[in-house]
Amino acid sequence: MARSLGLDVDVVPGDWRHGADPDAAAERLSADTGRTYKAVCVVHNETSTGVTSRVGEIRAAMDAAGHPALLLVDTISSLGSIDYRHDEWGVDVTVAGSQKGLMLPPGLSFNAVSDKALAAAQDARLPKSYWDWQPILEANARGFYPYTPATNLLYGLREALRMLDEEGLPQVFARHQRHAEATRAAVRGWGLEVLCLDDREHSGSLTAVLLPDDHDADEVRRIVLERYDMSLGAGLSKLATKIFRIGHLGHFNDLTLAGTLAGVQMGLVLAGVPIKTQGVEAALERLQS
Ligand SMILES: Cc1ncc(COP(=O)(O)O)c(C=O)c1O
């Protein structure tokens, strides 16, 4: 996206099994003596791999390097599901959407913007219109929005926020962590591998499961969809056919997770993947404890 806007992008490569590396960020920023980097962009929860990056540590690395770049974070699949601290972690722009932890259809997007980012936007020369913050802020001050707002979604958002408030955010985050742990227990019970390799970075929103080399994850997904009417996430790009993803975010409880894992276990067996059938049992034990 940045390249298509004509920006110079320096991608820090990763192995897709770990989050964004704070040390690598510190190294690049320290080497940038001319202060040419304008922003560091990080995805908080990587939906395609089930890895959650340690955004607070990225901020600390930027501060340690004494670099003035803005920190921009995508929280599309973490906001309202995984603990996230825009102010405390010193994030400059947080981007979120309606379609995941907020339990709504797609269609709304949100920006949280620091004073530093607002000031940077004043001098920014890239063309912008719809997402120009200034007219939005001016209209918001009068209780309006400069364009046609998606009113139906805003009614839905009000209810979604009430639901999150009723449960309490710490409880919502704990519920997601607990379901993620039970899902990992299931994966281990099947004798399969979780894609994420760092215990500090397991996603609370979803779990990506790696299949043995000679088995096709899309075949498992196809069988689960046809037999049980349950849609699992696919592996993207270089992970295509190697992983499938189990989503456990949003309006989700112990029984929906148990049903989900039962469907996955039966699908794995039907697809001929050599698993131990102790996954569901291991997950139920974790949920009961
Ligand atoms: C981490 C992340 N970023 C961004 C998006 C949204 O991207 P797009 O609007 O291109 O589907 C998604 C998917 O909804 C996502 O999971």
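Going by the structure above, here's the rest.
Residues numbered from 1 in each chain as written. Predicted model: local features only at pLDDT ≥ 70, side-chain atom pairs only at ≥ 80, totals over all residues. Heavy atoms only, no water.

Asks: Would you mind showing me how to read the overall build of the chain here?
Replies: Summing up its helical and strand segments, the chain has nine helices and 10 strands in all. For the chain, whose C-alpha radius of gyration is 21 Å, the value lies close to the compact-globule estimate of 19 Å for 289 residues. Each of the three principal axes of the chain carries a C-alpha extent, and together these read 60 × 45 × 35 Å. Burial statistics for the chain: of 289 residues in total, 42% are counted as buried. (Helix = DSSP H or I, 4+ residues; strand = E, 2+ residues; numbered from the N terminus. Rg over C-alpha atoms; globule rule 2.2 N^0.38 Å. Buried < 20%, exposed > 50% of the residue type's maximum accessible area, 1.4 Å probe, protein only.)

Asks: Just checking my understanding: could you explain the nonpolar core for this structure?
Replies: The nonpolar side chains of a soluble globular protein tend to be buried, and buried together. Grouped together as the largest cluster of nonpolar side chains are 27 residues, with contacts concentrated most on Trp190, Leu192, Phe244 and Leu268. Looking at this core, the elements with two or more residues in it are helix H6 (169–190), helix H7 (217–228), strand S10 (243–247), helix H8 (254–270) and helix H9 (279–288). Contact partners of Phe244, with chain neighbours within four places excluded, come to Thr207, Ala208, Val209, Leu211, Ala217, Val220, Arg221, Leu232, Gly233, Val264 and Leu268. In terms of nonpolar packing, the next biggest core, distinct from the first, is built from 12 residues, Leu29, Val40, Ala69 and Val91 among them. (Core = buried A, V, L, I, M, F, W, Y, C linked by side-chain atoms within 4.5 Å. Contact = heavy atoms within 4.5 Å.)

Asks: I would appreciate a short explanation of the pattern of salt bridges in the present structure.
Replies: Any two side chains of opposite charge can pair if their charged atoms end up close together. The tally for this structure, following the rule as stated, stands at 16 salt bridges. A salt bridge links Asp218 to Arg221, with the shortest nitrogen-to-oxygen separation between them at 2.9 Å. Of the two residues, Asp218 and Arg221 are both situated in helix H7; the distance of three residues between them amounts to about one turn of the helix. Judged by its relative accessible area of 22%, Arg221 falls in the partly exposed class. Residues joined in a network through salt bridges with shared partners are Arg54, Glu57 and Glu201. (Salt bridge = Lys/Arg side-chain N within 4 Å of Asp/Glu carboxyl O.)

Asks: Help me out: how do you make sense of a nonpolar patch on the surface in this one?
Replies: Together, Leu5, Leu7, Val9, Val11 and Leu126 make up an exposed nonpolar region whose accessible area comes to about 410 Å². Assessed through its relative accessible area of 37%, Leu126 is described here as partly exposed. (Patch = residues over 30% accessible without salt bridge, like charges linked within 9 Å, V, L, I, M, F, W, Y side chains within 5 Å. Areas by Shrake-Rupley, 256 points an atom, 1.4 Å probe, with all protein chains shown as cover.)

Asks: What am I meant to see in the packing of helix H1 (residues 22–31) against helix H2 (residues 55–65) here?
Replies: In a packed pair of helices, the relevant descriptors are the angle between the two axes and the axis-to-axis distance. Relative orientation of the contacting elements H1 and H2 amounts to 25 degrees, with a least axis distance of 8 Å. In terms of axis orientation, H1 runs roughly parallel to H2. When you trace H1 past H2, the crossing you get is right-handed. Here Pro22, Ala26, Leu29 and Ser30 of H1 come into contact with H2, specifically with Glu57, Ile58, Ala61, Met62 and Ala65. Residues that form the contact of H1 with H2 fall into these classes: seven nonpolar, one polar and one charged. (Axes fitted to C-alpha atoms, helices over the stretch in contact; angles between N-to-C directions. Parallel < 35°, antiparallel > 145°, perpendicular 65-115°, else oblique. Left-handed = near helix turned anticlockwise from the far one by under 90°. Nonpolar A, V, L, I, M, F, W, Y, C, P; charged D, E, K, R; others polar.)

Asks: Would you explain unusual backbone geometry in this entry?
Replies: A negative phi holds for most residues other than glycine; trans holds for most peptide bonds. Of note in this structure, Trp16 is not a glycine but carries a positive phi near 70 degrees. Assignment of secondary structure puts Trp16 in the segment before H1. We classify Trp16 as partly exposed; its relative accessible area is 30%.

Asks: When you look at the sheet that holds S10 in this model, what are you seeing that I'm missing?
Replies: Whether parallel or antiparallel, the strands of a sheet pair through hydrogen bonds between backbone atoms. One open sheet accounts for four strands, arranged S7-S8-S10-S9; its pairing is antiparallel. Single-partner strands in this sheet number two, and they are strand S7 (193–194) and strand S9 (233–234). In terms of strand pairing, S9 meets S10 through two bridges, oriented antiparallel. Looking at the pairing, Ala234 lines up with Phe244 of S10. Of the strands in this sheet, S9 and S10 are in contact with H7, which crosses S10 at around 45 degrees. (Pairing = 2+ DSSP bridges.)

Asks: Would you explain the side chain of Ser53 in this entry?
Replies: Looking at the secondary structure, you find Ser53 in the loop between strand S3 (51–52) and H2. One polar contact links the side chain of Ser53 to the main-chain amide nitrogen of Ala20, over a distance of 2.7 Å. Filtering out sequence-adjacent residues up to four positions away, Ser53 remains in contact with Gly19, Ala20, Val42, Val43 and His44. (Polar contact = N/O pair within 3.5 Å; in protein donor to acceptor, adjacent residues only side chain to side chain.)

Asks: Can you walk me through H7 in this structure?
Replies: For H7, built from 12 residues, the straight-helix expectation of 16 Å at 1.5 Å per residue is met to within 8% by its first-to-last C-alpha distance of 16 Å. When we look at burial in H7, the residues that qualify are Ala217, Val220, Ile223 and Val224. Buried residues in H7, looked at end-on, bunch into an arc of 120 degrees, giving them a common side. Buried residues belonging to H7 abut S10 and H8. A side-chain oxygen of the first residue of H7 lies 2.8 Å from the backbone nitrogen of Asp218; this N-cap is Asp216. (Expected span 1.5 Å × (residues − 1). Arc of directions from axis to C-beta.)

Asks: In this structure, what is going on with the site of the ligand? I would like to understand it.
Replies: Taken together, the residues surrounding the ligand are Val43, Asn45, Thr47, Asp74, Ile76, Gln99 and Lys100. Thr47 has a polar side-chain atom sitting 2.4 Å from an oxygen atom of the ligand. Measuring from an oxygen atom of the ligand, one finds a side-chain N or O atom of Lys100 at 2.4 Å. Out of a free accessible area of 390 Å², the ligand has 49% covered by protein chains. Across the shell around the ligand, the residue classes tally to two nonpolar, three polar and two charged. (Near = heavy atom within 4 Å.)

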